[in-house]
Every structure is written in structure tokens, then in C-alpha cells.
Amino acid sequence: MLILVVVTIRISTKGGLFDYAGKAARETKDAITDETDIANGKITIGGVKYNSIEDYINNKPLSTIKINMEVTHEDTAVTADGTNIKSIEHGAPIPVGYSYVTGEKNTGVVIQDDTNNQFVWVPVLQNQKIKIEIEAKEEITEIKIEDPLGTLITKNSENNDITVSGKTNTSIINPTTNGEYTVTVKTASDEASKTLYVKSLYAQDITSMIDMNLARIKKQAKEQNITEDEAAKAFTGGQCNTVEEFVTTRKQMMQKYKYTDSDIATHEDSVNKYGGFYIARYEAGSENKRTPRSGTRDVVLSQANKYPYNYIKQTDSITKAATMNNGKTNVKASLINSAVWDRTLNWLEETKAVTRAELFDSTSWGNYQNSQFNFTGKYSTDHGGNFIDVTTSTQKPEDKNYLLETGVTEYTKKNNIYDLAGNCWEWTTESYSSSYRVSRGRRLRQLWFLPSSVLSFPQFSRRQRQLPFFPCCTLRSAVSLYAIH
């Protein structure tokens, strides 16, 4: 026993025990790290880390530059002040002059005014920014930040130039649109890039059409058992040879022909202050059946079981939508804009009310020729010329065009909003040029450009995945809890 004690003390006091233990711990930790890297496809050869065997062969070691990107937001407390906000119900602010009807924040809080018009709360994270943190082992020589269309961002959120100096950098930028933001960082001997996809903004989602086309290319590749590059070439009629070339070409086209929407800024402060907006629960409705001679004398409603408010010009839609606040000064109504539309669709996806695929092909929850569902109410088979009223549940057959009254079927309801998909195209405040305006909703991620001065006639003879010659346009209002007085 004494001998053993002496030996133990000698090893300990000479430092060997602790040195050996520390070395063993480090080796164990390194082994665990190596195993994790191997599991992720990474390897270490000669003390140098690589992302893969291919990178080692091509002499491309793991980057020494670290880039972190995240969306931040700054919540502003919303309280009931009795002037603008009456109460907070289920996480949504209820404006003075309205009452809570049903729903939860993540599934659609519904409110109603004193004329029974209903609206649904769409939440938005307040005051969103993109925070970019960079750390390098060498001096940073270049930082390039690109928005979803490849346009360079050179200013930070304080509108100052983004400077490059030292081995670390933190930049906070104002996101301008939903989509992919890419950061590329260079040092004297290294380069790294990182991409962050943002889709929670109150902003246009101008890359969604590219996303939809990429989904089609991927589906075509799988169905035809070909590569995605081959599918991209077929999809573009030989104009693009690869998926990467297709994306680059589409971005260039969208930069050149970018559509605008000045109405977004009108409500942005309100959205950031109150954390969302209200969207009309129903497509605009009318007590009277509409004809090309109806004009704008009918009152526009957001109620169930009303005739679609079609046969209206885009310019008249702007005027009519603004009346849906019924003279209240604590809220502001307007024709739905691109930010409202895109944020509403992204919210449906976030809450799992629909899948992303169902945003691109909405047959499973929209009124189209190739959809089949039950409804109770009025419908027309001659594009609105005559309506038939059914008082019991009736099946809309597949391959039959039905123009429905507002809100007559639960099939088209998502998060308490009816008929976002199908039934009618909906005018928006977006513009393609000084003469052409955008309509949405017949196919969710499709933009349809029409002269704003042209009356739009109902037409339902095309399948959901085809574009009609004369879309039936109606309007849908959005309401902000007006923060600018």
C-alpha cells in the first residue's frame, strides 16, 4: 500500500498525470470532431480541413472565413389605447370600431365592422433587418452583398456605406424584398459565400416566379428521368443549358422588367408598429349581380354569399377598396398590394395551412376548372350571366367552370381567408409600366399584366395551370392600423 501511494504521488507531483490526462482529453475531443466532420462529408489531411475528397483533390481547403447571417426583429409593444386599438384578442390588435369574431393569431383572427364586413389579421415580424457577421484569419479585402435579384447593397441600415477593414465585420442591412440574400467575402488568399433566404417580410416576393419554375423543372426531371440541367434546357426551349444559367437569365430579365408598387411604403410604418395588417376575408362582393354596365355604384363588401364584384377597372378598384374603412380615421383601407399578397401566402406556408407546392399549384384548395369540391350557395356556369342558387351541399364537378359567390365553400378557406386561389383574378396596386397593372390569384404565384383602363370580363374556360385570355378581375381590400396621423 505504501509503495503504491509513493508511486502515485511521484507521477502526480511531476506533472505527468495531468499532462497525460489533458492530452487524452484533447485527443478524444479531436477524434469526436473528426468523426463529426467525416459524417458531414468533411476530411482532414495533413492538418488541413476539406469539405470533401473532391475539394482535397482540387486543392480547395475549408475556408478560413466565417459568415453568419440572420434575420433580426425589434418588437414594439402594442396596447389598447381606446383611440386606435380597442383591445388585444388572441394576439391580434382589434381596432376601435371593430369586434372580434373568431380565430387565433396563427390560424387567422377575424374581425368585423358595424356593417358586417370581415377581415383577417396577418402577422408580420416588426422592424426586420438582416444581420451579417464576418470573421476571417486575414484582413478582409472585399465584402459583396447582393439582394435576391443580384443588385449590390452598398448601404447599411443607417444608410451609411458598408466599409471594409480589419479581420471582422458586422453589417446590418434593410432587406428590400423577399428572397435569397448572398454575401461574398474575400481576403488575400481566401474567398467564401453564404446565402440566406428571407420570406417573412412585408415586401414584394419577386423571386417567387423563379422558385415556381425551378419546382417545375425539378418535377419534369423526375418524371422524365433526366437531369435537372436537361430539364432546364427543355423548359427554356434550349435558351439555357443549365439550371444555374436559367436562374441567372431570369434574374437579369426581372431586373430589366421589374414591376413596382409604391403603395407598400404607405403602410410600412403601420405594419412595423402594430406587427401586421388586416386582409379582407372575402373577395370583394356586391349585393347585385354585376354586368359590363354596372360601373362603380354598387357598395363593395367583404362578406359571404355576395356576387363577385367583377367588371371593374383597376383604377376604380383602388377607389372602391379605399372605402372599406367606412370613414374610420384610425384605420386605412386600400387595394391589396404586392407586399400584402406575398406576405399572406408566405404566412399560409409558415403556419402549414398549405405547402409550398400548393402555393405553386393550388388546385387542391382553389376554385378551378380541374378542381372538385362541395359548396352551398350561388354559382354561374356562363361566366356570371346567370346564377343558380343551391341550398344544400352540391358538388362542383371536375372539368367544369363555376363562378361562385363569395365564401360558399370551406374548400377554398385557408387561415380563415376565402378564395385566394381561383374563382377570380384580383387587381393589385402593382405596376409593370405606366399603363399596365398586375392582377393575382387565379394562379397564386402568377402575375398577370393588364391595361388598368380595360374592363376585365369573367373567363373560366382554361385549366388552372394555363393563362386565360380575359381574366375575371375583382378586388380585395387590405386594412392597416394607421400609425401615420
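Each remark here, short or long, concerns the structure printed above.
Below is a short write-up of the structure. Numbering of residues begins from 1 in every chain and follows the order in which that chain's sequence is written. Selection of residues for local features in this predicted model requires a pLDDT of at least 70, selection of side-chain atom pairs for listing and counting requires 80 or more, and totals for whole chains, interfaces and linings are taken over all residues. Computation of side-chain values: all heavy atoms of the structure, hydrogens and water removed.

Secondary structure elements are defined from DSSP: runs of H or I of at least 4 residues count as helices, runs of E of at least 2 residues count as strands, and each element is numbered from the N terminus. With respect to the element layout, Phe360 can be found in helix 10 (residues 356–360). Each C-alpha atom, one on Phe360 and one on Met209, is 8.9 Å from the other, the two residues being 151 residues apart in sequence.

The next thing to look at is the sheet that holds strand 14 (residues 276–280). A pair of strands is treated as paired once DSSP finds two or more bridges between them. With respect to topology, 6 strands assemble into an open sheet ordered 6-7-8-14-27-17, the strand pairing being antiparallel. Looking at strand neighbours, the two that pair on one side only are strand 6 (98–102) and strand 17 (332–335), the edges of this open sheet. Direction aside, neighbouring strands of the sheet carry axes that sit 35 degrees apart on average. Relative to strand 8 (residues 118–123), strand 7 (residues 110–113) runs antiparallel, the two sharing 3 bridges. For Val110, the partnering residue across the bridge sits in strand 8 and is Val120. Across the sheet, helix 8 (residues 314–321) is in contact with strand 17 and strand 27 (477–480); its angle to strand 17 comes to roughly 165 degrees. Here helix 9 (residues 338–350) sits on the sheet and contacts strand 8, strand 14 and strand 27; the angle it forms with strand 8, its principal contact strand, is near 75 degrees. Structural elements are reduced to axes, namely lines fitted to C-alpha atoms, with helices fitted over the stretch in contact, and the angle between N-to-C directions of any two is expressed from 0 to 180 degrees. Any two residues whose heavy atoms approach within 4.5 Å are treated as being in contact.

Attention now moves to the nonpolar core. Grouped together as the largest cluster of nonpolar side chains are 26 residues, with contacts concentrated most on Phe119, Trp121, Tyr278, Leu475 and Leu481. Of all the secondary structure elements, the ones that give two or more residues to this core are strand 5 (92–95), strand 8, strand 14, strand 17 and strand 23 (425–431). Residues within four places of Leu475 in sequence aside, it is in contact with Glu283, Ala284, Val300, Tyr309, Ile312, Ser317, Lys320, Ala321 and Leu335. What is meant by a nonpolar core is a set of buried Ala, Val, Leu, Ile, Met, Phe, Trp, Tyr and Cys residues, joined one to another through side-chain atoms within 4.5 Å. Residue exposure (1.4 Å probe, protein chains only): buried if accessible area is under 20% of the type maximum, exposed if over 50%, otherwise partly exposed.

Before going further, it helps to examine the sheet that holds strand 11 (residues 168–173). Note on sheets: strands pair through backbone hydrogen bonds, and any given pair is parallel or antiparallel. Read across the open sheet, the 3 strands follow the order 3-9-11; overall the sheet is antiparallel. If you trace the sheet from one side to the other, it starts and ends with strand 3 (66–72) and strand 11, each paired once. Pairs of neighbouring strands in the sheet enclose a mean axial angle of 10 degrees, with direction left out of account. In the sheet, strand 3 pairs with strand 9 (residues 129–135) via 7 bridges, with the strands oriented antiparallel. Looking across to strand 9, one finds that Thr72 is bridged to Lys129.

Right, let's talk about helix 9 for a bit. Over its 13 residues, helix 9 runs 18 Å from end to end, which matches the ideal 18 Å to within 8%, given 1.5 Å per residue. Burial analysis of helix 9 places 12 of its 13 residues in the buried class, which makes it a mostly covered element. Listed as buried for helix 9 are Ser338, Ala339, Val340, Trp341, Asp342, Arg343, Thr344, Leu345, Asn346, Trp347, Leu348 and Glu349. Here the expected length of a helix is defined as 1.5 Å per residue gap, with one fewer gap than residues.

A few words on the pattern of salt bridges. Within this document, salt bridges are pairs made up of a side-chain nitrogen of Lys or Arg and a carboxyl oxygen of Asp or Glu, the two lying within 4 Å of each other. Enumeration according to the criterion identifies 14 salt bridges in this entry. Between Glu349 and Lys199 there is a salt bridge whose closest N-O contact spans 3.1 Å. A residue pair is termed long-range when its members are at least 10 positions apart, and Glu349 in helix 9 and Lys199 in the loop between strand 13 (191–198) and helix 4 (208–224) qualify at 150 residues. You can call Lys199 partly exposed: its relative accessible area is 24%. For Arg440, the salt bridge is made with Asp342, and the minimal N-O distance between the two is 2.8 Å. Pair noted here: Arg440 is in strand 24 (residues 436–440) and Asp342 is in helix 9, with a separation of 98 residues, a long-range link. Accessibility expressed as a relative area gives 1% for Arg440, which makes it buried. Several salt bridges share partner residues, and in doing so they unite Lys199, Asp211, Glu349 and Arg356 into one network.

This part is about the side chain of Thr177. By secondary structure assignment, the location of Thr177 is in the loop between strand 11 and strand 12 (179–187). In protein, a polar contact means a hydrogen-donor-capable atom and an acceptor-capable atom, both N or O and within 3.5 Å, with residues adjacent in sequence counting only if both atoms are side-chain atoms; elsewhere, any N or O pair within 3.5 Å suffices. Polar contacts involving the side chain of Thr177 include one to the main-chain carbonyl oxygen of Gln204, which spans 2.5 Å. Beyond its immediate chain neighbours, meaning those up to four positions away, Thr177 contacts Pro148, Leu201, Ala203, Gln204, Asp205 and Ile206.

What follows covers the side chain of Thr187. Checked against the element boundaries, Thr187 lands in strand 12. The contact partners of Thr187, leaving out residues within four places of it in the chain, are Ile65, Ala136, Glu138, Glu139, Ile140 and Thr141.

With that out of the way, let us pick up empty space enclosed by the protein. Put plainly, a pocket is an open set of points on a 1 Å grid over the protein atoms alone with protein on both sides within 12 Å along at least five of seven lines, a cavity is a set where a 1.4 Å probe fits but cannot get out, and a lining residue has an atom within 4 Å of a point. Grid points are joined across faces, edges and corners, and a volume is the space filled by probe spheres set on the points. A complete count under the given rule lists 1 cavity of 30 Å³ or more for this structure. In this model, the largest cavity occupies a volume close to 30 Å³. In terms of lining, the largest cavity is formed by Lys289, Arg290, Pro308, Asn310, Tyr311, Gly384, Phe387 and Leu403. Residue composition of the lining of the largest cavity, grouped by class: 4 nonpolar, 2 polar and 2 charged. Ten residues, namely Ala, Val, Leu, Ile, Met, Phe, Trp, Tyr, Cys and Pro, are considered nonpolar, four, namely Asp, Glu, Lys and Arg, are considered charged, and the remaining ones, Gly among them, are considered polar.

All right, on to a nonpolar patch on the surface then. Only residues above 30% relative accessible area that lack a salt bridge enter a patch, with like-charged residues linked at up to 9 Å and the nonpolar side chains Val, Leu, Ile, Met, Phe, Trp and Tyr linked at up to 5 Å. Shrake-Rupley sampling with a 1.4 Å probe provides the accessible areas, and residues are treated as covered by the protein chains on show and by no other component. Taken together, the side chains of Met253, Tyr257, Tyr432 and Tyr436 make up a nonpolar region of the molecular surface, amounting to roughly 390 Å² of accessible area. Looking at the element boundaries, Tyr257 is found in the loop between helix 6 (243–256) and helix 7 (263–274).

Let us look at the packing of aromatic side chains. Aromatic pairing here means that ring centres of Phe, Tyr or Trp (its six-membered ring) are within 6.5 Å. Orientation follows from the plane angle: under 30 degrees is stacked, over 60 is edge-to-face, and everything else is tilted. Considering all chains together, one arrives at 10 aromatic pairs under this definition. Measuring from ring centre to ring centre gives 5.9 Å for Phe235 and Phe246, while their planes differ by 85 degrees; the resulting arrangement is edge-to-face. Placement of Phe235 in helix 5 (residues 228–235) and of Phe246 in helix 6 is noted, with a sequence separation of 11 residues between them. Take Phe246: its relative accessible area is 0%, and that puts it in the buried class. Between Phe375 and Tyr402, the aromatic rings sit 5.9 Å apart at their centres with planes inclined by 90 degrees, giving edge-to-face as the arrangement. In this pair, Phe375 is assigned in strand 18 (residues 373–380) and Tyr402 in the loop between strand 19 (388–396) and strand 20 (403–404), connecting sequence segments 27 residues apart. In this structure an aromatic cluster arises from ring pairing among Phe375, Tyr379 and Tyr402. A ring is considered to have a charge above it if a Lys NZ or an Arg CZ atom is located within 6 Å of its centre and within 35 degrees of its normal. A cation over an aromatic ring shows up here: Lys328 above the ring of Tyr98, its NZ or CZ 5.1 Å from the ring centre.

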